[in-house]
Amino acid sequence: MSFLASRRARDERPSGSGSRVLPARFARRVGYAAALLPAAVLTPAAVAVGRTDRARAWWARAGEQEPAARSSPRQPGPWRLLAHALLCVPLGLVALVPVGIEVLFVLRGVLYPLVDHGPYDHSWGGPTWDGAWVVHFLVALPFAAAALGVLWLLNRLHARLAGGMWGLRVGPWPALALLGSSVAGTVFVIAWIHQL
């Protein structure tokens, strides 16, 4: 069964309470994308101390593998888990960019008055404290939303890559997307450093 066919079959199933499922699923996918790098770094340690089953279970949840696929004889062994973790290092590094944008949103948008104590004469929205706070929050908000969207897309890319670990046909496009996102992330970070 191809990866897309298995996804379509799962997505066509009725879900319980639809209004709560979508935000929870979105948040879970964003969270897994944000945790890709730590998981990729910790997987070799988990395999080394005999926790291969726990590492496999985490990667199965992160890659949204069906419970039937998790119990199939095509489950990845330790070497495939390690190879997948190595493959996810660049994806996890790319995920650090939107995670950093979310941290900046909290620090420079939500908590702006705690970060910058004023005076606000030359700040956006100044010279008042509340004007500077509102403007910084509103300017940061679309960037934070875009960063969440990028994390969601990185999770979707990881789910496609993870399908290959469970024996599903993946094709060349996820690998090319991984390469493209790695290059784009590198260019973004270099440009960001040069503007500082």
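Residues numbered from 1 in each chain as written. Predicted model: local features only at pLDDT ≥ 70, side-chain atom pairs only at ≥ 80, totals over all residues. Heavy atoms only, no water.

## A closer look at the overall build of the protein chain
- The helix and strand tally for the protein chain stands at 9 helices and 0 strands.
- Counting from the amino terminus, the protein chain carries its helices and strands in the arrangement α-α-α-α-α-α-α-α-α.
- Long-range contacts, defined here as pairs at least 24 residues apart, represent 71% of the contacts in the protein chain between residues at least 6 apart. (Helix = DSSP H or I, 4+ residues; strand = E, 2+ residues; numbered from the N terminus. Contact = heavy atoms within 4.5 Å.)

## Notes on the pattern of salt bridges
- Summed over all chains, the structure comprises 1 salt bridge.
- A salt bridge links R56 to D53, with the shortest nitrogen-to-oxygen separation between them at 2.7 Å. One end of the pair, R56, and the other, D53, are both in helix 4 (residues 52-62), 3 residues apart, so they sit about a helical turn from each other. (Salt bridge = Lys/Arg side-chain N within 4 Å of Asp/Glu carboxyl O.)

## Focus on the packing of aromatic side chains
- This model, assessed by the stated rule, comprises 4 aromatic pairs.
- With centroids separated by 4.9 Å and ring planes inclined at 90 degrees, the aromatic side chains of W58 and W59 adopt a geometry described as edge-to-face. One exposure class covers both W58 and W59, and it is buried.
- Every member of this aromatic cluster is reached through a ring pair, and the members are Y32, W58 and W59. (Phe/Tyr/Trp six-rings, centres within 6.5 Å; stacked < 30°, edge-to-face > 60°. Buried < 20%, exposed > 50% of the residue type's maximum accessible area, 1.4 Å probe, protein only.)

## Examining the packing of helix 3 (residues 36-48) against helix 4
- Two elements in contact, helix 3 and helix 4, have axes separated by 9 Å at closest approach and are oriented at 155 degrees. Looking at the two axes, helix 3 sits roughly antiparallel to helix 4. Viewed along their axes, helix 3 and helix 4 form a crossing whose handedness is left-handed. On helix 4, the residues touching L36, A39, A40, T43, A46 and V47 of helix 3 are T52, A55, W58 and W59.
- Looking at the contact of helix 3 with helix 4 residue by residue, the class counts come to 8 nonpolar, 2 polar and no charged. (Axes fitted to C-alpha atoms, helices over the stretch in contact; angles between N-to-C directions. Parallel < 35°, antiparallel > 145°, perpendicular 65-115°, else oblique. Left-handed = near helix turned anticlockwise from the far one by under 90°. Nonpolar A, V, L, I, M, F, W, Y, C, P; charged D, E, K, R; others polar.)

## Considerations on the environment of S182
- Take S182: it is sitting in helix 9 (residues 173-195).
- Given a relative accessible area of 18%, S182 falls into the buried group.
- Spatially, the C-alpha atoms of S182 and V94 are 6.1 Å apart, while their sequence positions differ by 88 residues.

## Comments concerning the side chain of H158
- Within the secondary structure layout, H158 lies in helix 8 (residues 129-165).
- What makes H158 buried here is its relative accessible area of 0%.
- Other than its neighbours up to four places away in sequence, H158 contacts L36, W59, A62, G63, H84, C88 and L91.

## Comments concerning helix 8
- End to end, helix 8 covers 53 Å across 37 residues, agreeing with the expected 54 Å (1.5 Å per residue, within 8%).
- Its maximal kink placed at L141, helix 8 deviates by approximately 30 degrees, while the proline P142 follows within four residues. (Expected span 1.5 Å × (residues − 1). Bend = angle between axes of the 7 residues up to and from the residue.)

## Thoughts on the packing of helix 6 (residues 78-110) against helix 9
- Between helix 6 and helix 9, whose axes approach to 9 Å, the crossing angle comes to 45 degrees. Taken together, helix 6 and helix 9 sit at an angle that is classed as oblique. The interaxial crossing formed by helix 6 with helix 9 has left-handed handedness. Residues L87, P90, L91, V94, V97, I101 and L104 of helix 6 form the contact with helix 9, whose participating residues are L178, S181, S182, F188, V189 and W192.
- Along the lines of polarity and charge, the residues of the contact of helix 6 with helix 9 split into 11 nonpolar, 2 polar and no charged.

## A look at the confidence of the model for the protein chain
- Averaged over all residues, the pLDDT of the protein chain is 79; the fraction at 70 or higher stands at 84%.
- When pLDDT is averaged over each helix and strand of the protein chain, the minimum, 49, is found for helix 1 (residues 3-11) and the maximum, 89, for helix 3.
- Long-range and interchain partners of residues 1-5, a stretch whose pLDDT sits below 50, account for 10 contacts in this model, where long-range means more than four residues apart. (pLDDT = per-residue confidence, 0-100.)

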